[in-house]
Amino acid sequence: QRSFNTILPGTYFEGRMTMPLVRGTWPALWTIAADLTWPSIELDLFEGFFVNSALLADVGTTVHWKDLADGEHTMFAIKLAGLGIDVKLPHTWGCYWGADLVTFYCDDVPYFAVPASIFPIKPNYLKIDITLGGLVGEPQPGTLPAKMAMDWVKIWQ
């Protein structure tokens, strides 16, 4: 996680990849606070939560944070299938953490934004992974191999 520059306001980052649709996996392109506290801030560009299926309806973009007023976990989320984004195809996924908005992009088209003022300004690490087990249940026969084809990742600060 320390291989990339940290993500802060004023940073744009993107990656071109194809997300796997495999039951029993939890693939994601996301950021987490560099101090690894949760839910201080997390930006999920895409996250597939494939417990009982591997459907496009199970893929979303989510922002998690600890509410500055009451300290509770809060989140905004959107399902990508409702936007017509087919994650079975390769896409360029991007996010710009601006002074006023955090804006998410698919193939250079903005599709989701949240106010930047809702969460603390903390350095974040970029994460790309496929989780097995845990909240998505135990992997079943046929879960592996699960592959996330990745062309590149770029960060501009």
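Q: What should I look at first to understand the overall build of the protein in this one?
A: Summing up its helical and strand segments, the protein has 0 helices and 10 strands in all. Put simply, the protein runs from its N terminus to its C terminus through helices and strands in the order β-β-β-β-β-β-β-β-β-β. When the backbone C-alpha atoms are referred to their principal axes, the protein occupies close to 45 × 35 × 35 Å. A burial count over the protein gives 45% of its 157 residues as buried. Look at the contacts in the protein between residues 6 or more apart in sequence, and 63% of them connect residues 24 or more apart. Only carbon and sulfur atoms are counted for the fraction: they give 57% of the accessible area of the protein, which is about 7700 Å². In the protein, 10 positive and 16 negative side-chain charges are present, and the distance between their average locations comes to 7 Å.

Q: Help me out: how do you make sense of the pattern of salt bridges in this one?
A: Side-chain pairs of opposite charge can arise where the charged atoms are in close proximity. Scanning all chains against the criterion turns up 3 salt bridges. Put simply, D151 and R16 hold a salt bridge, and the shortest N to O gap is 3.7 Å. In this pair, D151 is assigned in strand β10 (residues 149-156) and R16 in strand β1 (residues 11-18), connecting sequence segments 135 residues apart. Looking at D151, the relative accessible area reads 54%, which means it is exposed.

Conventions adopted
Residues numbered from 1 in each chain as written. Predicted model: local features only at pLDDT ≥ 70, side-chain atom pairs only at ≥ 80, totals over all residues. Heavy atoms only, no water. Helix = DSSP H or I, 4+ residues; strand = E, 2+ residues; numbered from the N terminus. Buried < 20%, exposed > 50% of the residue type's maximum accessible area, 1.4 Å probe, protein only. Contact = heavy atoms within 4.5 Å. Areas by Shrake-Rupley, 256 points an atom, 1.4 Å probe, with all protein chains shown as cover. Lys, Arg positive; Asp, Glu negative; His and termini not counted. Charge placed at Lys NZ, Arg CZ, Asp CG, Glu CD. Salt bridge = Lys/Arg side-chain N within 4 Å of Asp/Glu carboxyl O.

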